[in-house]
Structures are given as structure tokens and as C-alpha cells.
Amino acid sequence: MKKWRMWIVLSVLCSILSGCWSSTPIEDLDMQIGVALDSAEESGETGVANPEYGNHTKPAKIISTYQFTIPQGSGGALMKSAGNSIKNYYNMSETSDSIFEAIRQLSLRTRRTPIGHHLKVIVISEELARSNNLTKLIDFFTRDNDIRPSVMLFVTKGKAKDVFENTLPGQAPSFVLEGIFNNRDRNMGIWEPVTLAKVVGPLEGKRSFLLQNVIPYEKEIKLAGAGVIKGSTGKLVGFLDESELEGMVWLTGKGIGGVLKTYDPNNHNLITYEVKSMHSKIKANVNNGQISFNVKVKSTGRYAEVFAKESKKLHDGIVKKDKAVLQKHVVEMMQTTVKKMQKELHTEAAGFGTSLRNQHPAVWRSVKDNWDETFSEIPITYEVNLNIEEYGASDTSAE
Amino acid sequence: MSTEVKDRVTAIQATIILANYTIAAGVLTLPRTIVEASGSPDVWISIFLGGVISFLLGLIIVKLSQRFPGLTFFQYIGKIIGKPLGIVLSLGVIGYFLCIAGLEIRSVQEVTSFFLLEGTPPWAIVAAFMWIAFYLCRGGINAITSMCRLIVPITWTVFLGVCLLSFQVFDLNNLLPVLGNGLEPVWKGIRPSILTFTAGEAMLFVVAFMDKPQKAVKVIIAGTCISTIFYVLAVVATIGAFSIDGVVTRTWPFLDLVRSFEVNYLIFERFESLLLVIWIMQIFCTFCIAIYAGALGLSQVIHKNFKSCLLAMLPVVYIISRIPPNVNALFALGTGIGDCMLILFGLLPLPLLIITYFRRTVS
């Protein structure tokens, strides 16, 4: 009797322990690490895009370029490119108005199954982002079960495909783009990483936001400012250049660290301040229905590099003077950014609306439908308080 | 006769059973359902209020059960309102437990086959679940208690850990302003939160097993507090990451929360598989308790062997779990079951308690 039972258990175990029901050997999988989306109608030149572009009813065709890894060690598959450097990625493009169809068309070209578990970045070209609501472009990625909402979004001036061609040897552009956010403590030209999870809310709630702009640069890629997505349309309306993005970082207090460089107005000597921390608070004031904002920025940091004609001890007077110069520069940067949002882009993406909503919910309800236009007329005052905590290892200035 | 109550649980064990029974598949969708109903980030207040209401409903059931020491609802209901009506009501409660079991197992199957085991046939997922549950429930309430106690440290740690890790995508602005639209959205959010608190009905039979039934009130307080903490954490973390606009676009918001961040330099980079595996255990607990309650009720109503009743439950639960043709129907079933709960365990126990009170004083 006991033996009879054991045989049943053994035979059941055989079928259970033989492995997963729907497993696929990892060698047969193609790991997508990046997707670049381009407009198929795009002409070769990267001229100024026409915002009215997407008005025709026929769905615009999209070129989807998928970047796959070539796993280390699968020697036969390694591709040699110029300069004896080894490429550990390859790109495949398909054209369709459906992103899903495009990825399934890849299955006509390769035996291995593309899987999205390790997708890291999506790069969208300016042309496509200007003419299409972003919700449509990312719908497949937010709906899919393999692709995670942690995928980061980028826009690019020019062709998205080109971004995926440029990298240092041995690195895959998608991984570089993902890892570059680790440098946020070193440079304020890096906006916070914007993932799919972080855009579904703003797109649904019609709030504007920024996406980092990435461009091909010599043999690498480079972050160059940010694209502004207008909440009401879900489309790209324009770009902030690198210093405007820095102004935005100061406005929002989202920076972790970086460089603040300016010149002494009297003797044109360089003053460089390294930001160690920053914090910003936007205070909304409502007086008789008149909305105004006051931006208060606090930061601590240190002298990083100071040029002066003759060496001098940094005493309190000099520190105070330098502080004032630096603070003025920060205010100017913020003003430029705000002016761009108010006068040129007519889009508010710095969180002024959020502050108004949190501080004066009733006022916010009355202006939220027309917020971008309302914001264009709102006066904003700035207060910057930098605290130069230390001078590095030298207490005298250079030169 | 195995229908006799012979197993005993302590107050702490009863609390664990109650908490495990309450926390189930609802957490995965609660952030969406509650924000859809209220449209404001103040829903965490709704959950606290929902917890209080759920506690009050549970309290009535506890008071009712305490009047009949050692007897389960199915045994004492006949004494309150007479045998025929009692049987009808018992069958209603049994049906409710079966629906809960069916709902939970279908949710597991949907989530698992979408996120975890794409390609595995639904029946294979469900079958493994049901047979193991059957095996466990044969051991009675003590076996279920041991299992609950076994998984509690694991599931709670993983849940809290995941919520803490999600802090990196948390944005406080998404939860502000507090009460910006007044109290109305808070009221609107209470109903979906109560529907997720399926707590009190477990006390219909758990009190009968308690070695010290007078501690049952403490049990329901502790049980409701634990589940409230879980729900508030899940909802606050999810809204903090997605904002209320984003939460409504996610089918399984809590799972998407866990999917929306990666952690570097920790043993695992991503936690959704871990959470899902753990959460399946949590749902398994609810499932076991529900079919145990159903089978116990049936065996006590028709005076038949408990184990055969348990076996008879399985096909019924399977059929119930197959009824919803799609995910929408599944969610609708969930809401429908919640409404049934409100009628069965929200409205009925109070009159029953009053009847009991008068009968006692008259006699």
C-alpha cells in the first residue's frame, strides 16, 4: 500500500519538477533595451518642425527602432565595427502606424523572441512628439505586461534613431542613457529621470512636464536641455536649452549638485560655486483675485574654482560680495526660464500650478482650465539665499 | 462527528486569521477603485473612516457570536429566527463565502497569468491552488492558523519593504492639498473602502473557536487596525507615485507601483515578482479561510461530514471563478459581492442582535 502511494507521488513530482510551463531558454530571447520612435514622413534635414504637421486624418507612420543587447560571451554574434571596437548592441527598425505591429514584424526577421522586461529607455523624435499626443505614443508601453513603468522617456531634437548609433566602444547607448542620471549630483543640466509611471498622471490630468532632450554628439550622446510637453495637448511645444533647464532646476529645487558659474561684474574674474544642496519653495499669493508667486531658493555649497588678479585671503566681505553676484546670476537664470515659459511656450511646467493648487485650492479650481494662459500674465518675485560653507582646500584664490 | 467544534485558537491567532482574511486581492486594485469613486487624494481619510465602520459592523457580529459561546453562526442562527429561516440565511452566508473564494482565485489567476506565468493555462494555476487549499483545510482551523502564522512575517515584511522602497518614486505633492475639495470626496471614497474590508464575517465562526471568546472585541480591533494600516500604506504609496490622475489609468495600480522603480545595489533589482509570489500566499490564506467557512457552514447545516462538504465546495468555487467573461466582469463581481456583504453583514446582524437580546430578557 505504501509503495503504491510512493509511485503516485514520484510520477506527480516528475511532471511538476520538470520546469516552468511556459519557459523559454534565455539564449532564445532578444532583450530589448531601448526604443527610438521617429516620424516616417520626416525628411532628412532636421529643420524647424511645423506644429500643424499632424493635422491630417491618416495616422502618421512611425519608425520604431529597437535596440537589443548582444550578450557578452556569445562570441559568434559579436559584430566588429570600425576602429576594432566591439559593439555589444544592434538596432532593428520597422515602420508602421502601430508600435505593437512594428515589434511583431520583427519576428519576421529574427528567430529569437524580443522581450521587453529589460527595456530601459524610449527616445521620441521632436517631429513625432510635436505632432502626436504622447499618450498615444506610449500607450503600448504602458499597457504591456513585460515592459515596466520604470522605463525612462527622452525626446531628441532630430532623429531618435541617430541617438542609438552613438556611443563609446563597449557601451550600449540605452544603458548609457539610463546610467547618466547617476551624474545628477555633478551637473544640473540633468533633469530628474522621467519614467512612464511619472507621465501617465500628468498626461491624464493635463499637466505640463519636461522630458530630457538627448542629442547625438560627436561619437557619443549628450543631454542638451529638455523638451516641454504641454499638458492640454500632450504634445511637445518646444525646448529649454541647457541654461534654461538649469534655471528650471533652481526653480523647482530638484537639483542634487552641480556647477554655478558666473563672473565678477567689476573685474570679470571667474567665480565657480559647487552646489551641495538646494531647496526651493514656491509661495502662491492671492490678493483680490490677483495671483502672484514668490520663489524662495536656498542652497549651500562651496567655492570650486576662483580666479583673482592677486592672491587674497577669503574674508567675510569677499564671500558676501561673491554670494551676491552668484545669487543675482541664479535669479537671472530663473527669470529667463520663466520668461520662456510665459512668453514663448505658453506652458507652465515648473510646478507653479501645483503650488497654487496646494495653497489655494479654490482659486486653483477657477483658473485650472486655462492655466497656461493665466500663468503668462502672473508676476513672480525671487529670493535666493546661497550659503558658501567652505572654500575647499585653498583659502586663497587662484592665479 | 467532525462537525463538532473541537479546535481552539488563542486571541492572537484569531487576530492573525482575521487580518489574513481581510487583506487579499483588494489591495492590488483598491487605489484605483477608491480614487475613481472620490476623485481626490484625500482617500486615505476615507480608508480610516471605512476602517471604523467596518469595526463597528464587526463589533455587532462579535457581540452576537458571544451570546452563543462555542457555537458558530450556522448553529445558532436557527435559535434566533427559527430553523427554516436560519437555513436560508446560512445558505446565503455559505454562498457568500464561496463567491469570495471564487473571486480571490480568479484574481490570482488573472494577475498571475498576466504578470508572472504568461502562457500557463488558467486551470493549471487554479488547480494547484485549490488542491493545496483542500489539503490544508482538511486539517481544520488549527492547520489554517499555523499556515497564517507561517506566512505573516514573510508577507508583512515584503509588503512594508516594498512600500518603503517605493519612497524613491513618492511625491508628496500628489497627496496635497488635504481636503482641498472639502469633505464630499471623502464620503464618496468610503463605500469602496468598506467593500475591501471584508472582515467582520470571519467572526461569525472564529469566535466559536476561541479559547477565550470574551477577547473577541480586542481581536476585531486589532484585525481592523492591521488591515487599515495595510490599505492606507498601499493607497498613499500608489497615489504618491502616480498622482490621482495616473492611478485611475492603471488596472492593477499597486502592482504597477512596484513595477515602476528599480533598486540598485540591493540583492534584487525589481520586486514585482517577489511581491506577487508573496501576495499569492496572502490571497491563498483568504481563499482557504473562505472555503473553510463555506464547508464548515454546509456541514453544520446539512449535518454531513466536513471533509466531503469541503470536497463538494471545490467544483462550485471553480465554476464561480469561471463566470466572469473578462476583467471588467471580474471587478463587477467584486463590487457585487461587496454589496452583498453590506446587506448580509451590515444590515442583518443588528436586528438579529436585538432579537436575541429581547428573547433572552423575556425568557
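Residues numbered from 1 in each chain as written. Chains lettered and ligands numbered in written order. Predicted model: local features only at pLDDT ≥ 70, side-chain atom pairs only at ≥ 80, totals over all residues. Heavy atoms only, no water.

Let us now look at the overall build of chain B. Looking only at helices and strands, chain B features 15 helices and zero strands. The globule rule puts the C-alpha radius of gyration for 363 residues at 21 Å, and the 20 Å found for chain B is close to it. Taken along the three principal axes of its C-alpha coordinates, chain B extends 65 × 45 × 35 Å. Of all 363 residues assigned to chain B, the portion counted as buried reaches 58%. (Helix = DSSP H or I, 4+ residues; strand = E, 2+ residues; numbered from the N terminus. Rg over C-alpha atoms; globule rule 2.2 N^0.38 Å. Buried < 20%, exposed > 50% of the residue type's maximum accessible area, 1.4 Å probe, protein only.)

What follows concerns the overall build of chain A. Helices and strands together make up the secondary structure of chain A, namely twelve helices and 15 strands. Across the 399 residues of chain A, 49% fall into the buried class. Taking all contacts inside chain A whose residues are at least 6 apart in sequence as the whole, residues at least 24 apart take part in 72%. (Contact = heavy atoms within 4.5 Å.)

Attention now goes to the nonpolar core. Side chains of a nonpolar character, in soluble globular proteins, are inclined to be buried together. One finds Met203(B), Phe205(B) and Phe254(B) to be the most contacted residues of the largest nonpolar core, which totals 130 residues. Broken down by element, this core gets its largest block of residues, 18 residues, from helix α12 (residues 272-302) of chain B. Beyond its immediate sequence surroundings of up to four residues, Phe254(B) is in contact with Val27(B), Leu28(B), Phe159(B), Cys163(B), Ala234(B), Thr238(B) and Leu275(B). Residues Val35(A), Met92(A), Met188(A) and Ile291(A) belong to the second largest nonpolar core, which totals 82 residues. (Core = buried A, V, L, I, M, F, W, Y, C linked by side-chain atoms within 4.5 Å.)

This part covers helix α4 (residues 73-81) of chain B. All names here are of chain B. Of all the positions in α4, only Phe73, Phe74, Tyr76, Ile77 and Ile80 are classed as buried. One side of α4 holds all its buried residues, which, seen down the axis, span an arc of 165 degrees. Looking one or two places after α4, you find glycine 82, whose phi comes out positive at around 90 degrees. (Arc of directions from axis to C-beta.)

This part is about the environment of Val126(B). All names here are of chain B. Structurally, valine 126 is set in helix α6 (residues 122-138). Put simply, valine 126 and glutamine 109 are 17 residues apart on the chain and 6.6 Å apart in space, counted from C-alpha to C-alpha. With residues up to four places along the chain from it excluded, the contact list for valine 126 reads Ile105, Gln109 and Tyr318.

Counting residues at the interface gives 27 residues for chain A and 36 residues for chain B. Contact with chain B buries area across many residues of chain A, yet Trp21(A), Asn145(A) and Arg148(A) alone supply 27% of it, more than any other trio. The interface formed by chain A and chain B holds four salt bridges in total. Here Glu262(B) and Lys120(A) are joined by a salt bridge, their closest N and O atoms 3.4 Å apart. Looking at the side of chain A that touches chain B element by element, the count peaks at six residues for helix α7 (residues 196-205) of chain A. Its residues assigned to classes, the side of chain A that touches chain B shows six nonpolar, ten polar and eleven charged. (Buried area = accessible area lost by both parts, 1.4 Å probe. Salt bridge = Lys/Arg side-chain N within 4 Å of Asp/Glu carboxyl O. Nonpolar A, V, L, I, M, F, W, Y, C, P; charged D, E, K, R; others polar.)

Residues and elements named next belong to chain A. Spatial ordering of the open sheet is given by β12-β13-β14-β15, a layout of four strands whose pairing is mixed. With one partner strand each, in any of the chains shown, β12 (258-263) and β15 (380-390) form the two edges of the open sheet. Each strand of the sheet is rotated relative to its neighbour by a mean of 40 degrees, with strand direction disregarded. Bridge count between strand β14 (residues 290-306) and β15: ten bridges; the pairing is parallel. In the strand pairing of β15, serine 299 is matched with leucine 386. Across the face of the sheet, helix α8 (residues 242-252) comes into contact with β12, β13 (270-287), β14 and β15 while running at roughly 60 degrees to β13. Here helix α10 (residues 352-359) sits on the sheet and contacts β13, β14 and β15; the angle it forms with β13, its principal contact strand, is near 45 degrees. (Pairing = 2+ DSSP bridges. Axes fitted to C-alpha atoms, helices over the stretch in contact; angles between N-to-C directions.)

Turning our eyes to something else, we now look at the packing of aromatic side chains. Counting across every chain of the model gives 35 aromatic pairs over all chains. Considering the side-chain rings of Phe140(A) and Phe141(A), the 5.3 Å spacing of their centres and the 65 degrees angle between planes classify their relative orientation as edge-to-face. You can call Phe140(A) buried: its relative accessible area is 16%. Residue classification places Phe141(A) among the buried residues on the basis of a relative accessible area of 1%. Ring centres of Tyr96(B) and Phe345(B) lie 4.9 Å apart, and the angle between their planes is 70 degrees; on these two criteria the pair is classed as edge-to-face. (Phe/Tyr/Trp six-rings, centres within 6.5 Å; stacked < 30°, edge-to-face > 60°.)

Looking now at α7(A). One turn of an α-helix holds 3.6 residues; hence residues three or four places apart share an orientation. Burial runs high along α7(A): seven of the ten residues are buried. Leu196(A), Ala197(A), Val199(A), Val200(A), Gly201(A), Pro202(A) and Leu203(A) are the residues of α7(A) that are buried. Tucked into the core, α7(A) has its buried residues touching β7 (121-125), α4 (134-143), β8 (152-156) and β9 (209-217) of chain A together with α10 (216-247) of chain B. A positive backbone phi angle near 55 degrees is found at Lys206(A), which sits one or two residues after α7(A).

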